[in-house]
Amino acid sequence: MIEEQLVGRGIQDPATLQAMRLVPRHLFVEDAMRARAYGDHPLPIGAGQTISQPFIVAFMTEALKLHEDARVLEIGTGSGYQAAVLSRMCRRIYTIERIDSLLSKARKLFDRLHYHNIVSRIDDGTEGWPSEAPFDGIIVTAAGPKIPEPLIEQLADPGIMVIPVGDHYTQELKLINKKNGNISVKTIELVRFVDLIGSHGW
Ligand code: SAH
C-alpha cells in the first residue's frame, strides 16, 4: 500500500507515510473486508458510510502540512482511520461524528491501540467545535454543497482546511489557506465522498 499506492503516486511527506505505516488499517474495516483492507479502494464501514481509499487519506493528510504540535479538527470520524493516522503525527485530534454506532466502534479502537490524543464527540460537525478552536488544520471527510462558515471561522491563522465540495456524486477537493487574515481557496483533486449532513451541509 505505502510503496505502490502512495509513494508511487507522489505522496512525499515523511510524517504522513510513517503514520500510515504505523496504523493497522485492517482493524478499521469490518471483519469480512479484512483481506481487502490495504487495497486501492474505499470500503463500506456500516451505516451506509465508507472508509476512504488509502491514497485519498494520504493526499488529504499531506495537504494539511501539519507539524508535531498541531491541533486538528476532523468532521466525519467514520471508522476512525483518518483520525488515527493524524494522531500519529500531531499533538491532538478532535473528531466529530453524527452516527453513534460508528463513533462507539472507533472509540473502542482508539482505546485498544492507545491512541490517547484523540478526543471525539457525537454532534453536527458542520458547526465545528467552538470551545476548542482555533485549529491548525481542519479536515472534512464528507461532502457538502458549500464550505461551512463556522469551520472557516474556527481555522487558525495560519491554518489549512481540506474539504470536498460539490453535489451528491462528484466533488472538488478544496484547499483553504488562512494566512495574515487572508483566505484563499483552490481545487486540488476531484473526489467522491458520502454526504455531509448538517445545518451547514445537506
Ligand atoms: N474519516 C472517515 C471517513 C468516514 S465517511 C474514516 O477514516 O473512516 C464520512 C463520515 O462523515 C460518516 O461516518 C458520516 O456519518 C459522517 N458525517 C456526515 N455528516 C456529518 C456531520 N455533519 N457531522 C459529523 N459527521 C458527519
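Residues numbered from 1 in each chain as written. Predicted model: local features only at pLDDT ≥ 70, side-chain atom pairs only at ≥ 80, totals over all residues. Heavy atoms only, no water.

A. Quick look at the overall build of the chain. For the chain, the count of helices and strands is six helices and nine strands. The C-alpha radius of gyration of the chain comes to 15 Å, within 12% of the 17 Å expected for a compact globule of 202 residues. Projected onto its principal axes, the C-alpha coordinates of the chain cover approximately 45 × 35 × 35 Å. Per-residue burial for the chain yields a buried fraction of 52% across its 202 residues. Long-range pairs, those at least 24 residues apart, make up 55% of the contacts in the chain between residues at least 6 apart in sequence. When the accessible surface of the chain is summed, it comes to about 9,300 Å², and 51% of that surface belongs to carbon and sulfur atoms. (Helix = DSSP H or I, 4+ residues; strand = E, 2+ residues; numbered from the N terminus. Rg over C-alpha atoms; globule rule 2.2 N^0.38 Å. Buried < 20%, exposed > 50% of the residue type's maximum accessible area, 1.4 Å probe, protein only. Contact = heavy atoms within 4.5 Å. Areas by Shrake-Rupley, 256 points an atom, 1.4 Å probe, with all protein chains shown as cover.)

B. Quick look at the site of the ligand. In the neighbourhood of the ligand, 27 residues make up the surrounding shell, with Glu74, Ser79, Glu97, Gly125 and Ile197 lying closest. Ser79 is positioned such that a nitrogen or oxygen atom in its side chain is 2.6 Å from an oxygen atom of the ligand. Separating a nitrogen atom of the ligand from a backbone N or O atom of Ile197 is a distance of 2.6 Å. For the ligand, whose unbound accessible area comes to 580 Å², protein coverage reaches 98%. Here the element with the most residues in the shell around the ligand is strand E2 (residues 49–51); it accounts for three residues. Its residues assigned to classes, the shell around the ligand comprises ten nonpolar, eleven polar and six charged. (Near = heavy atom within 4 Å. Polar contact = N/O pair within 3.5 Å; in protein donor to acceptor, adjacent residues only side chain to side chain. Nonpolar A, V, L, I, M, F, W, Y, C, P; charged D, E, K, R; others polar.)

C. Broad picture of the sheet that holds strand E6 (residues 135–140). Within the open sheet, the seven strands sit side by side as E5-E4-E3-E6-E7-E8-E9. Their pairing is mixed. Because the sheet does not close on itself, it has two edges, and the strands there are strand E5 (118–122) and strand E9 (182–191). When strand polarity is set aside, the average angle formed by the axes of neighbouring strands in this sheet is 15 degrees. Of the pairings in the sheet, the one linking strand E3 (residues 71–75) to E6 comprises four bridges and is parallel in character. Bridging from a neighbouring strand, Glu74 pairs with Ile139 of E6. On the sheet, helix H3 (residues 54–63) packs against E6, strand E7 (155–166), strand E8 (171–179) and E9 and is oriented at approximately 165 degrees with respect to E9. Packed onto the sheet, helix H5 (residues 100–112) meets strand E4 (92–97) and E5 and runs at close to 165 degrees relative to E5. (Pairing = 2+ DSSP bridges. Axes fitted to C-alpha atoms, helices over the stretch in contact; angles between N-to-C directions.)

D. Broad picture of the environment of Lys105. With respect to the element layout, Lys105 can be found in helix H5. Looking at Lys105, the relative accessible area reads 47%, which means it is partly exposed. The residues touching Lys105, leaving out its near neighbours within four places in the chain, are Glu30 and Ile45.

E. Inspection of the pattern of salt bridges at higher detail. According to the stated counting rule, one finds seven salt bridges in the structure shown. Two residues, Glu3 and Arg21, come together in a salt bridge whose shortest N-O distance is 3.6 Å. Remark: Arg21 occurs in helix H2 (residues 14–22) and Glu3 occurs in helix H1 (residues 2–6); sequence separation between them is 18 residues. The class of Arg21 is partly exposed, set by a relative accessible area of 45%. A salt bridge links Arg34 to Asp31, with the shortest nitrogen-to-oxygen separation between them at 3.2 Å. (Salt bridge = Lys/Arg side-chain N within 4 Å of Asp/Glu carboxyl O.)

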